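Coordinate inspection notes
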Amino acid sequence: MTDSRSTPLTRTDYKTLGLAALGGALEIYDFIIFAFFATTLSKLFFPPDMPEWLRLLQTFGIFATGYLARPLGGILMAHFADRLGRKRVFSLTILMMAGPCLLIGLMPTYADIGILAPLVLLSLRILQGAAVGGEVPSAWSFVAEHAPPGRRGYALGVLQAGLTFGYLLGALTATFLARVFTPQEMLDYAWRIPFLLGGPFCLLGVWLRRWLSETPVFLAMRERQTERASYPLANVLRRHKGALLPAAALTCVLTSAVVVLVVVTPTLLQQRFGLHADHAFALSSVGIVFLNIGCVIAGHVCDRIGQRRSLLLYCLLLPIGIAALYADLIGNWGWTGLAYAFAGLCCGIVGVVPSIMVGMFPADVRVSGISFTYNIAYSAWASVTPLLLIAAMPWSPWICVLYCALLALAGLLCAGVARRAQEPSLDEALYQHG
């Protein structure tokens, strides 16, 4: 259903949204660039006599460790976001991402320091994971609390498009480097370039976020001296237990779209379907562009027809889009670019889930509630499923389609929670009485 109280976004709203989305894009670039160069990194940071499939598997294992580190960093930063304000943590997370990315670009490889190389790489990925764990929940809450009534879905859709734009930056960088440098040059030195770019990128994001202001919701709570829990997470676990499992399930649905479209398929295009790296990265870029567009469309749809109907719609579209992509790859029909674009649009569930989750927890514990459920579910799911999907691909090339279908079914079971998330929240009460 539409919201009769929908308010147009002002110039200030667009400025806030743009700065938040751009900073998030730069941070996600730093985190995801590792996946695009997994094949190259596997040859540099593990023994040369190790089987190629095992090196690649261990490299993805290090990539997955970044996801496993998300809960600890996210929960810690969420505590301060609910106690001290969204803006401070929102700016800190991007600074925490810049350093490790720069250090990865500077560090020695296995040929230089032996077994220490993968261990150092693992440590830096853990730090990056902790930073991302604080970024996403803080960004969702920050943007949602700045958005006027009736425009929250669109604002969060644009934010998600910004975050997924970070994936596009990674894909475009990988495509450019694969075309400019030979495979040997990539192994010799060019692999460092995307990581050396990532550090300054994030520092730019830190500078941009200094222009952001604290959310009206948090300021209103502070001005009215609204009592805030000393330990927001304990409050979530005690008073909002009913929202935890559905929020985790919705996170897994969102994760399935990102894992299949952005993380796993570009690697499978090279390993399973024999595409050259630059061609695979170019196709991935097409998919991510349309994922960005799909997030914005999905956010607008949320505002027009409501979260529940949007969830039902995009849970149905998710497996359809992935099925079309893999049908083209398996059948070798020659329409892969178009199929990838269609799959990206159908992954609009990435733009729907945030709109639902921000309405599942009250403002005084919102970041902690989202961070706890989102980071634990995302880290567990995204750290394991890429490995399982790659390992299961020889069993059936349709495994990614089956995976998305099962997760879409889980999303459909959460439709009742989506309806409850539309009820008036503390945010709206503060706007009405401000």
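These numbers were taken from a predicted model, which means no experiment stands behind them.

Moving on, we get to the side chain of T336. Following the sequence through the fold, T336 ends up in helix α16 (residues 336-346). Note on T336: relative accessible area 15%, which makes it buried. There is a polar contact of 2.5 Å between the side chain of T336 and the side chain of D328. Residue contacts for T336: discarding those within four places in its chain leaves L283, L325, D328 and L329.

A separate point is the pattern of salt bridges. Counted under the stated rule, the structure contains one salt bridge. R366 is the salt-bridge partner of E145, the closest N and O atoms lying 3.0 Å from each other. Within this pair, whereas E145 is found in helix α7 (residues 116-146), its partner R366 is found in helix α18 (residues 366-392), the two being separated by 221 residues in sequence.

W140, L159, I322, Y326 and I349 are the most contacted members of the largest nonpolar core, which totals 125 residues. Considering each element in turn, this core owes the most residues, 16 residues, to helix α13 (residues 244-271). Dropping the residues within four chain positions of it, Y326 is found in contact with V260, T265, L268, F273, M393, P397, W398, C400 and V401. One finds M77, A78, A81 and V367 within the second-largest nonpolar core, a separate group that totals five residues.

Quick look at α16 now. Along α16, the positions that sit buried rather than exposed are T336, A339, Y340, A341, A343, G344 and C346. Of the surrounding secondary structure, the elements contacted by the buried residues of α16 are α13, α14 (277-305) and α15 (307-331).

On to unusual backbone geometry, then. Of note in the backbone geometry, N332 takes a positive phi value of approximately 55° without being a glycine. Within the secondary structure, N332 is located in the loop between α15 and α16. Residue N332 is classed as exposed on the basis of its relative accessible area, which comes to 67%.

Relative to each other, helix α1 (residues 11-36) and helix α10 (residues 193-209) sit at 160°, their axes nearing to 9 Å. By the angle class used here, α1 and α10 are roughly antiparallel. In terms of crossing hand, the pair formed by α1 and α10 is left-handed. Each of L19, A20, L22, G23, G24, L26, E27, Y29, D30, I33 and F34 in α1 lies in contact with α10, whose residues at this interface are P194, F195, L197, G198, G199, F201, C202, L204, G205, L208 and R209. Residue classes in the contact of α1 with α10 are distributed as 14 nonpolar, five polar and three charged.

It is worth spelling out the side chain of S138 at this point. Within the secondary structure, S138 is located in helix α7. Looking at S138, the relative accessible area reads 1%, which means it is buried. Separated by 2.7 Å, the side chain of S138 and the backbone oxygen of G134 make a polar contact. When near neighbours in sequence (up to four residues on either side) are disregarded, S138 contacts A81, V89, F90 and V367.

A few words on the environment of S284. Note that S284 resides in helix α14. S284 sits 17 residues away from T267 along the chain, and the two C-alpha atoms are 9.9 Å apart. Residue contacts for S284: discarding those within four places in its chain leaves F36, A171, P266 and Y340.

To continue, consider the packing of aromatic side chains. One pass over the full model with this rule turns up six aromatic pairs. Grouping aromatic residues by their ring pairs yields a cluster made of F45, W191 and F195. A cation sits over an aromatic face here: R151 above Y154, 4.8 Å from the ring centre.

Turning our attention to the packing of helix α5 (residues 86-106) against α7. Relative placement of two packed helices is described by the angle separating their axes and the distance separating the axes. Interhelical geometry of α5 versus α7 gives an angle of 155° and a closest axis separation of 8 Å. Compared by their axis directions, α5 and α7 come out roughly antiparallel. Crossing of α5 against α7: the hand is left-handed. When the residues that make up the contact of α5 with α7 are grouped by side-chain class, the tally is 16 nonpolar, five polar and five charged.

A few words now on α15. The first and last C-alpha atoms of α15 sit 36 Å apart over 25 residues, in line with the 36 Å expected at 1.5 Å per residue. Just downstream of α15, N332 is the residue with a positive phi angle, here 55°.

As used here, a disulfide is simply a covalent bond connecting the sulfur atoms of two cysteines. The tally for this structure, following the rule as stated, stands at zero disulfides. With no disulfide of its own, C252 has C414 as its nearest cysteine by sulfur position, at a separation of 9.4 Å. Summary of cysteine pairing: C315 is not part of a disulfide, and the nearest cysteine sulfur, belonging to C414, is at 7.9 Å. When its relative accessible area of 1% is taken as the criterion, C315 is described as buried.

Together, I113, I115, L116, L119 and V120 give the surface a local cluster of nonpolar side chains, amounting to about 420 Å² of exposed area. Here the element with the most residues in the nonpolar patch is α7; it accounts for three residues. Relative to the elements of secondary structure, L119 occurs in helix α7. Residue classification places L119 among the partly exposed residues on the basis of a relative accessible area of 45%.

Within the element layout of this structure, G73 appears in helix α4 (residues 70-84). Accessibility expressed as a relative area gives 11% for G73, which makes it buried. With 54 residues separating them along the chain, G73 and L127 place their C-alpha atoms 8.4 Å apart.

Cut-offs and rules
- Residues numbered from 1 in each chain as written.
- Predicted model: local features only at pLDDT ≥ 70, side-chain atom pairs only at ≥ 80, totals over all residues.
- Heavy atoms only, no water.
- Helix = DSSP H or I, 4+ residues; strand = E, 2+ residues; numbered from the N terminus.
- Buried < 20%, exposed > 50% of the residue type's maximum accessible area, 1.4 Å probe, protein only.
- Polar contact = N/O pair within 3.5 Å; in protein donor to acceptor, adjacent residues only side chain to side chain.
- Contact = heavy atoms within 4.5 Å.
- Salt bridge = Lys/Arg side-chain N within 4 Å of Asp/Glu carboxyl O.
- Core = buried A, V, L, I, M, F, W, Y, C linked by side-chain atoms within 4.5 Å.
- Axes fitted to C-alpha atoms, helices over the stretch in contact; angles between N-to-C directions.
- Parallel < 35°, antiparallel > 145°, perpendicular 65-115°, else oblique.
- Left-handed = near helix turned anticlockwise from the far one by under 90°.
- Nonpolar A, V, L, I, M, F, W, Y, C, P; charged D, E, K, R; others polar.
- Phe/Tyr/Trp six-rings, centres within 6.5 Å; stacked < 30°, edge-to-face > 60°.
- Lys NZ or Arg CZ within 6 Å of the ring centre and 35° of its normal.
- Expected span 1.5 Å × (residues − 1).
- Disulfide = S-S within 2.5 Å.
- Patch = residues over 30% accessible without salt bridge, like charges linked within 9 Å, V, L, I, M, F, W, Y side chains within 5 Å.
- Areas by Shrake-Rupley, 256 points an atom, 1.4 Å probe, with all protein chains shown as cover.

Just geometry here; none of it tells us what the structure is for.
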